[in-house]
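So the chains spell out like this:
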Amino acid sequence: MEIPHPSRVPRATLPALRAVEGVLACVSKPLACYHLMTTTAVDLKSVTLTYGPFVAVKDVDLAIEKGSFVTLLGPSGCGKTTILRSIAGLVTPTSGEIVVAGRLINDVPIYKRNIGLVFQNYALFPHKTVEDNIAFGLKYRDVPRLEIARKVKRALDMVRLPGVEKKLPSQLSGGQQQRIALARAIVIEPDVLLLDEPLSALDANLREEMRTELKIIQREVGITTIFVTHDQEEALAMSDRIVVMNHGLIEQNGTPEEVYRTPSSRFVASFLGQSNLIAGTIASNTRGKAKITLDSGASIDAAAPASAKKGSKVTVVVRAQRLEVGKKAAAGSNRLQGRIAATSYLGGTAIYIIEAEGLKLQANTIIDTHVFREGDAVDVSFSPGDCVLLGEDDRRLA
Amino acid sequence: MQQTRFAWYLLAPALILLVILLVLPIIIMMIYTFYEFITAGVEQANYTAANWREFFTDSYYHLFLWKTARVAAITAIACALMGYVPAYFIWMTSFRHKWLLLLLLIVPFWISFTIRTFSWIHILGEQGAINVTLMSIGIIDSPIQMLYTEGAVIMGMIHFLLPYMILNVYVSLEGIDRDLLSAARTLGCTSAQAFREVTLPLSLPGLCAGLLLCFVLAAGSYVTPQILGGNRDALFGNLIYDTIMQQLNWPMGSTLSIVLFVLLGIVSAIYSRYMGLSTIFKGLSR
Ligand SMILES: Nc1ncnc2c1ncn2[C@@H]1O[C@H](COP(=O)(O)OP(=O)(O)O)[C@@H](O)[C@H]1O
Ligand SMILES: [Mg+2]
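Note that the structure is predicted; figures quoted are calculated from it, not measured.

Rules used throughout
Residues numbered from 1 in each chain as written. Chains lettered and ligands numbered in written order. Predicted model: local features only at pLDDT ≥ 70, side-chain atom pairs only at ≥ 80, totals over all residues. Heavy atoms only, no water. Helix = DSSP H or I, 4+ residues; strand = E, 2+ residues; numbered from the N terminus. Buried < 20%, exposed > 50% of the residue type's maximum accessible area, 1.4 Å probe, protein only. Areas by Shrake-Rupley, 256 points an atom, 1.4 Å probe, with all protein chains shown as cover. Lys, Arg positive; Asp, Glu negative; His and termini not counted. Charge placed at Lys NZ, Arg CZ, Asp CG, Glu CD. Contact = heavy atoms within 4.5 Å. pLDDT = per-residue confidence, 0-100. Core = buried A, V, L, I, M, F, W, Y, C linked by side-chain atoms within 4.5 Å. Near = heavy atom within 4 Å. Polar contact = N/O pair within 3.5 Å; in protein donor to acceptor, adjacent residues only side chain to side chain. Nonpolar A, V, L, I, M, F, W, Y, C, P; charged D, E, K, R; others polar. Phe/Tyr/Trp six-rings, centres within 6.5 Å; stacked < 30°, edge-to-face > 60°. Axes fitted to C-alpha atoms, helices over the stretch in contact; angles between N-to-C directions. Parallel < 35°, antiparallel > 145°, perpendicular 65-115°, else oblique. Left-handed = near helix turned anticlockwise from the far one by under 90°. Pairing = 2+ DSSP bridges. Buried area = accessible area lost by both parts, 1.4 Å probe. Salt bridge = Lys/Arg side-chain N within 4 Å of Asp/Glu carboxyl O. Expected span 1.5 Å × (residues − 1).

Colleague: Please give an account of the overall build of chain A that cites residues and values.
Modeller: In terms of helices and strands, chain A carries 10 helices and 20 strands. Projected onto its principal axes, the C-alpha coordinates of chain A cover approximately 75 × 55 × 50 Å. Out of the 398 residues in chain A, the part that is buried amounts to 49%. Accessible surface computed for chain A: about 18,800 Å², of which carbon and sulfur atoms make up 53%. Counting 48 positive and 43 negative side-chain charges, chain A places the centres of these two groups 2 Å from one another.

Colleague: Lay out the overall build of chain B in plain terms, naming residues and giving numbers.
Modeller: Counting secondary structure elements, chain B contains 13 helices and two strands. For chain B, the spread of C-alpha atoms along the three principal axes comes to 80 × 75 × 35 Å. A total of 286 residues make up chain B; the buried ones form 41% of that total. Across chain B, contacts joining residues at least 24 apart in sequence account for 68% of those joining residues at least 6 apart. Of the roughly 15,800 Å² of accessible surface on chain B, a fraction of 70% belongs to carbon and sulfur atoms. Averaging the positions of the 14 positive and the 13 negative side-chain charges in chain B gives two centres separated by 14 Å.

Colleague: Hey, could you go over the confidence of the model for chain B for me, with residue numbers and the actual values?
Modeller: The predicted coordinates should not be examined in detail at positions where pLDDT is low. Scored by pLDDT, chain B comes out at a mean of 91, with 96% of its residues at no less than 70. Confidence metrics for the complex model read pTM 0.81 and ipTM 0.82.

Colleague: So what's going on with the nonpolar core? Residues and values would help.
Modeller: The biggest cluster of nonpolar side chains holds 126 residues, and the ones touching the most others in it are Ile87 of chain A together with Phe236 of chain B. In contact with Ile87 of chain A, other than residues within four places in its own chain, are Val42, Leu44, Ile98, Val100, Ile105, Arg113, Ile115, Val192, Leu194 and Ile226 of chain A.

Colleague: How would you sum up the site of ligand 1? Please name residues and give values.
Modeller: All names here are of chain A. Near ligand 1 you find Tyr51, Phe54, Ala56, Pro75, Ser76, Gly77, Cys78, Gly79, Lys80, Thr81 and Thr82, and these make up its full shell. Measuring from an oxygen atom of ligand 1, one finds a side-chain N or O atom of Thr81 at 2.5 Å. A total of 560 Å² of accessible area belongs to ligand 1 in isolation, and the protein chains cover 59% of it. Counting only elements with at least two residues in the shell around ligand 1, the list comes to β2 (54-65) and α3 (80-88). No other element matches α3, which puts three residues into the shell around ligand 1. Counted by class, the shell around ligand 1 contains five nonpolar, five polar and one charged residues.

Colleague: Account for unusual backbone geometry, naming residues and giving values.
Modeller: All names here are of chain A. You will see that Ser46, though not glycine, has its phi angle at about 35°, which is positive. Here Ser46 lies in strand β1 (residues 40-51). What makes Ser46 partly exposed here is its relative accessible area of 32%. In this model, Ala123 sits at a positive phi of 50°, which is unusual for a non-glycine residue. Position of Ala123 relative to the elements: it lies in the loop between β6 (115-118) and α4 (130-139).

Colleague: So what's going on with the packing of aromatic side chains? Residues and values would help.
Modeller: Counted according to the given criterion, the structure contains 21 aromatic pairs over all chains. Aromatic side chains Phe69 of chain A and Phe227 of chain A sit 5.5 Å apart centroid to centroid with 40° between the ring planes, which places their arrangement in the tilted category. Of this pair, Phe69 of chain A sits in strand β3 (residues 69-73) while Phe227 of chain A is found in strand β8 (residues 225-229), placing the two residues 158 residues apart along the sequence. As far as burial versus exposure is concerned, Phe69 of chain A and Phe227 of chain A are alike and both buried. The rings of Trp52, Phe55, Phe56, Tyr60, Tyr61 and Phe64 of chain B are connected pair by pair, giving a single aromatic cluster.

Colleague: Residue-level account of the packing of helix α2 (residues 50-57) of chain B against helix α12 (residues 250-275) of chain B, with values.
Modeller: All names here are of chain B. Remark: α2 packs on α12, axes separated minimally by 9 Å, with the N-to-C direction vectors making an angle of 55°. Judged by the angle between their axes, α2 and α12 are oblique. Of the two possible hands of crossing, α2 and α12 adopt the one that is right-handed. Residues Asn51, Trp52, Glu54 and Phe55 of α2 lie in contact with α12, whose contacting residues are Pro251, Met252, Thr255, Leu256, Ile258 and Val259. For the contact of α2 with α12, a count of residues per class yields seven nonpolar, two polar and one charged.

Colleague: So what's going on with the sheet that holds strand β16 (residues 334-345) of chain A? Residues and values would help.
Modeller: Residues and elements named next belong to chain A. Spatially, five strands are ordered β15-β19-β16-β17-β18 in an open sheet, and the strand pairing comes out antiparallel. Where the open sheet ends on each side, the last strands, each with one partner, are β15 (324-325) and β18 (359-366). Where β16 meets strand β17 (residues 349-356), seven bridges bridge the pair, whose relative direction is antiparallel. Bridged to Ser344 within β17 is Ile351.

Colleague: Quick rundown of the interface of chain A and chain B? Include the residues and the values.
Modeller: With 23 residues of chain A at the interface, the matching set in chain B holds 18 residues. Roughly 1,800 Å² is buried in total at the junction of chain A and chain B, and carbon and sulfur atoms are behind 64% of that figure. Broken down residue by residue, the surface that chain A buries against chain B is led by Tyr111, His127 and Tyr140 of chain A, which jointly contribute 33%. At the junction of chain A with chain B, the criterion picks out three salt bridges.

Colleague: Help me get a handle on the side chain of Ser275 of chain A, residues and values and all.
Modeller: Residue and element names in this part refer to chain A. Looking at the secondary structure, you find Ser275 in strand β11 (residues 275-286). Within the local environment of Ser275, its side chain forms a polar contact with the backbone oxygen of Ala269, the two atoms lying 2.8 Å apart. Looking at Ser275, its side chain comes within polar contact range of the side chain of Arg319, at 2.8 Å. Excluding anything up to four places from it in sequence, Ser275 contacts Ala269, Val317, Val318, Arg319 and Ala320.

Colleague: I'd like to hear about helix α6 (residues 174-186) of chain A, residue by residue, with values.
Modeller: Over its 13 residues, α6 of chain A extends 19 Å from the first C-alpha to the last, a length consistent with the 18 Å expected when each residue adds 1.5 Å. For α6 of chain A, the complete set of buried residues consists of Gly175, Gln177, Gln178, Arg179, Ile180, Ala181, Leu182, Ala183, Arg184, Ala185 and Ile186 of chain A. As for α6 of chain A, its buried residues are in contact with β6, α4, α5 (145-158), β7 (192-196) and α7 (204-221) of chain A together with α8 (178-186) of chain B.

Colleague: I'd like to hear about the sheet that holds β7 of chain A, residue by residue, with values.
Modeller: Residues and elements named next belong to chain A. As summarised here, the arrangement of the six strands in space is β6-β7-β8-β3-β9-β10, forming an open sheet in which the pairing is mixed. Only two strands of the sheet have a single partner each, and these edge strands are β6 and β10 (249-254). If you compare each strand with its neighbour and ignore which way they point, the axes differ by 15° on average. Running over the sheet, α6 touches β6 and β7 and is turned about 170° from β6.

Here it is, written out as structure tokens:
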């Protein structure tokens, strides 16, 4: 029984799938368990890892679906690499369980785990030819010699670098070395492929190219992949799911759309994309729509869950891309009067900094008629549905 | 053009020093090898090949050369075996003050080399620490002859050369990206296999540099065999010393010096051809 990943299913069939899932879960628990076992490739259960007194990873729970591409996204030092290394076995969690392909691997030594790891600086063996680099893992898996040669060739074809078998890594460019590192990791057919900021050492153009390439290769092989990056664009572009981390904690785990549209905390809202964070107090909340008095004095409407109680302090998050500038506001929209404080003209789009009714707002908009310049008076509008409310604990009200 | 000339000006002091202190003396020695030895302390500028003929025909010298090469090789290999372990340890340790461990390697250089060599007499001698201890606990009745043997000479040279070996190996280990080890481990190596596949081959340049340095320094040494060796344990350096200082035969002494110089030069050149000398200089400049 395999239920396709939601992101790969046409929207219309989703409710039907949800129903099937629900039935499965209710009707028979064993069946639901079976479902879990076959589709979860990697399962971290309350994993904590400390370096001396420093807690690098705090109580992380993370289940990764088979065949999916999951990105760990977070600022430098938030514990992404540590999580990868603990899955690979290079560091040992202080507590918690790591299950890969249904097997608890906490006590399995590194060399007996079947995991492909690609390092930021590639870590190709400089004294071995490309061929020997790729064959390395196969050699230690007792693959017969002829079979090794065949697999190495196939791996090189897969990363689109045929014919470099006899070269040394130092004779290849950065992007090519990256591909060899990838080939070396996937040729052993690992249970999971771990990529630690694999693109960050490449220059911008190549990075974008490799991003697409990597995604295509991953699809072709169908390998479960955990990708680490601190680059939000990379994360949004490549992932089936994004796990946003900060200070060793998971802040949010969702599809790129979910994470972008409904950030679950102040950190996610400000780390991923540009957001306006506006402080205010709930004046009333009826039927999913709240009136909010902003600290600056203005009043707006926002979609709100029932838990947003009258009188409680909230932060309203509105994406800079969701602000309309100088357009006729749609019915029911919030509308503020303001003045352009700064304009960055980017060709097709523009970034405006707008002072509106005591607020400083950023709007990234598509230019359709003309560009507003500093000092222009404009109306800013946004729909209540584009607002996300954060409570006093900086988490999204749900 | 202007720039190259300027570069030469900058190089001049170093070049002049090198010429006066190194090239010129060697040329003078080279000339001396063709002088005729009359009697102790007296030679004549007769330009004869007699010294060279003597060296090439008398097997006495060849035996000395052979023995020197053998002792130097044993010393160098022993240094490699004994030096790799501490170098590896210093590299691997998570101890935060690595510089302290490296400093400990340098500490012996604060004491004069000669004094360090003499100190072995108190350890290996008939009334030395080892013999006295063994006799007092009754394992042996009479002192063992340890001092004034080839073993003592080799030991003294290892004592003197080990830090050079450790530093050389350490420098090349330090150049190894630790992710390579992690990569090897995740690809299926045990830590011993990862050592064989990655660490050892990548630290080989440092090991070879150490071997060369130890070999050359050991082959050229004369103080250690003089102090710790018996008459039979003299090396080529002692032969030169003896020829010049005892027999006062400067022409022959020059000939032997040039021979040693050329042979060690050839060893270094062969090494440089295959490994590049830069590793040694990296090791020394630490
Ligand atoms: N071996 C170590 N000893 C002590 N602290 C470490 C060690 N490795 C990583 N750290 C710390 O753990 C934190 C998380 O590191 P890491 O997982 O590498 O972060 P990221 O990959 O997200 O940038 C960092 O603050 C780092 O300083
Ligand atoms: Mg990292």
